[in-house]
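Architecture and fold: a report
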Amino acid sequence: MHNVVISGTGLYTPPNSISNEELVASFNAYVQAFNAENAAAIERGEIEALAESSVAFIEKASGIKSRFVVDKDGILDPKRMTPRIPERSNDEWGILCEMAVGAAKQALERAGRTPADIDGVIVACSNLQRAYPAVAIEVQAALGIEGFGYDMNVACSSATFGIQAATNAVKTGEARAVLMVNPEICTGHLNFRDRDSHFIFGDAATAVVIERADQATSNHQFEVVGTKLLTQFSNNIRNNFGFLNRAAEEGVGARDKLFVQEGRKVFKDVCPMVAELIATHLDENKLNVADVKRFWLHQANLNMNLLIARKLLGRDAEPQEAPVILDTYANTSSAGSVIAFHKHQDDLPSGALGVLSSFGAGYSIGSVILRKR
């Protein structure tokens, strides 16, 4: 059994950013047009008038101020309000593959590795663009990696579950090193006409190189002290889009074919579960919460992260203890905690402990304890 390290991380950021002000202007234009078009039905009580959104509402509810997106114009068009991403031929690399490769190349560079050093690729994300062939095998081909590749989906926890799978493959000798990537086009499944959620998601891709500790040469090594996973079924976050939709015409275009959630229930259920899992995980490894220098938490909602940190520490966390990136990236599903890790790791001294944790639909929760080498 080999000791395992994360030796490199990478981030692909789309070129377009949408501010809250831009998003609200688009949403309110849609609301005003809808209410005007349905004025008579609204007056008769047959249809409920839509309420406008606001920058203050978004920032209070989430802490999000802007988000990066693959396509901006389609989202901000009040008559469309969904990204415009043209289909590519089967002879071209898919857009998820393209994003994954961008993040992967950066991770490989930080790890001091080439594709020849990697034996496996895991694509772990919330929304895959197709059922098969696996996007991971496409990424493997695009990078010229020999070995194996497979896709996995545990919603927003896909990255931590992917890290565990990669860690196990390296620990047991199945692979010298594994590339785990998280390409997320979350705007593709977001209902931009829903006031309660139209601001939540952004797009990004992250990558992590996981390899044997005795072979690692990187300046950015984190020992994987342990991983712990938990799932508990819940319908409070759901997306019913899938290949069987064509077999049930009555559901085509229904609201539940995009992201839907019961936000207040999720907040109430998930926060204590996450805090308890992390605390238990640390205790099982004979580590104290007070010894953890950094928590790289899933970046879904600022209020959730503040509460989880408070439950763990018994006080409010300092900004450097639980860094936030969702103000500029929004919720990027599985990529969020890895973005926080990627951007806020180099300042930690040797021996420093950190916890990378994700949580989301399922419910699914993952905890990865890391020690800087």
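Thresholds, definitions, all that
Residues numbered from 1 in each chain as written. Predicted model: local features only at pLDDT ≥ 70, side-chain atom pairs only at ≥ 80, totals over all residues. Heavy atoms only, no water. Helix = DSSP H or I, 4+ residues; strand = E, 2+ residues; numbered from the N terminus. Buried < 20%, exposed > 50% of the residue type's maximum accessible area, 1.4 Å probe, protein only. Contact = heavy atoms within 4.5 Å. Pairing = 2+ DSSP bridges. Salt bridge = Lys/Arg side-chain N within 4 Å of Asp/Glu carboxyl O. Phe/Tyr/Trp six-rings, centres within 6.5 Å; stacked < 30°, edge-to-face > 60°. Lys NZ or Arg CZ within 6 Å of the ring centre and 35° of its normal. Axes fitted to C-alpha atoms, helices over the stretch in contact; angles between N-to-C directions.

Among the secondary structure elements, Ile58 is positioned in helix α3 (residues 55-62). With relative accessibility at 0%, the residue Ile58 sits in the buried group. With near-sequence residues (within four places) excluded, Ile58 lies in contact with Asn20, Val24, Ser53, Gly63, Ile64, His198 and Phe199.

By the criterion of burial, strand β6 (residues 177-185) is predominantly enclosed, with 9 of the 9 residues buried. Taking every second residue as pointing to the same face, both faces of β6 are buried, with Ala177, Leu179, Val181, Pro183 and Ile185 on one and Val178, Met180, Asn182 and Glu184 on the other. In this sheet, β6 lies alongside strand β4 (residues 120-124) in parallel orientation, the contact comprising 4 bridges. Paired with Ile122 across the two strands is Met180, which belongs to β6.

Before going further, it helps to spend a moment on the pattern of salt bridges. Counted under the stated rule, the structure contains 15 salt bridges. The shortest N-O distance in the salt bridge between Asp214 and Arg212 comes to 2.8 Å. Note that Glu223 and Arg371 form a salt bridge whose closest N and O atoms lie 3.4 Å from each other. Of this pair, Glu223 sits in strand β8 (residues 222-231) while Arg371 sits in strand β13 (residues 364-372), and the two are 148 residues apart along the sequence.

The next subject is the packing of aromatic side chains. The geometry of two aromatic rings is summed up by the distance between their centres and the angle between their planes. One pass over the structure, following the stated rule, counts 9 aromatic pairs. Ring centres of Phe222 and Phe341 lie 5.1 Å apart, and the angle between their planes is 75 degrees; this geometry places the pair in the edge-to-face category. You can see Phe222 sitting in strand β8 and its partner Phe341 sitting in helix α11 (residues 335-343), a full 119 residues away along the chain. You can call Phe341 buried: its relative accessible area is 1%. Relative to Phe341, the ring of Trp296 lies with its centre 4.7 Å away and its plane at 65 degrees, an arrangement referred to as edge-to-face. Note that Trp296 is positioned in strand β11 (residues 292-297) and Phe341 in helix α11, a separation of 45 residues in sequence. Here Trp296 matches Phe341 in class, with each residue buried. One aromatic cluster in this structure is built from Phe27, Tyr30 and Phe34. Above the plane of the ring of Phe57 lies Arg195, whose end atom (NZ or CZ) is 4.0 Å from the centre.

Bringing unusual backbone geometry into the picture now. The linkage connecting Tyr132 with the following residue, Pro133, adopts the cis geometry, with an omega of -5 degrees. In the segment running from Gly362 into Tyr363, the intervening peptide bond is cis, with an omega of -10 degrees. If you trace the backbone, Tyr363 turns up in the loop between β12 (353-360) and β13. One non-glycine residue, Met81, lies in the positive phi region at around 60 degrees. Here Met81 lies in the loop between α4 (73-76) and α5 (95-111). Given a relative accessible area of 5%, Met81 falls into the buried group.

So, about the sheet that holds strand β1 (residues 4-12). Sheet strands pair via backbone hydrogen bonds, and the direction of the pair is either parallel or antiparallel. Spatially, 9 strands are ordered β5-β4-β6-β7-β1-β8-β13-β12-β11 in an open sheet, and the strand pairing comes out mixed. Because the sheet does not close on itself, it has two edges, and the strands there are β5 (148-152) and β11. Within the sheet, the average angular offset between the axes of one strand and its neighbour, ignoring direction, is 25 degrees. By the bridge criterion, 9 bridges tie β8 to β13 in an arrangement that is antiparallel. Across the sheet, the residue bridging to Thr231 is Ser364, located in β13. Contacts from helix α9 (residues 302-313) reach β11 and β12, with the element oriented near 150 degrees to β11. Sheet strands in contact with α11 are β1, β6, β7 (203-212), β8, β11, β12 and β13, and its direction is about 100 degrees off that of β1.

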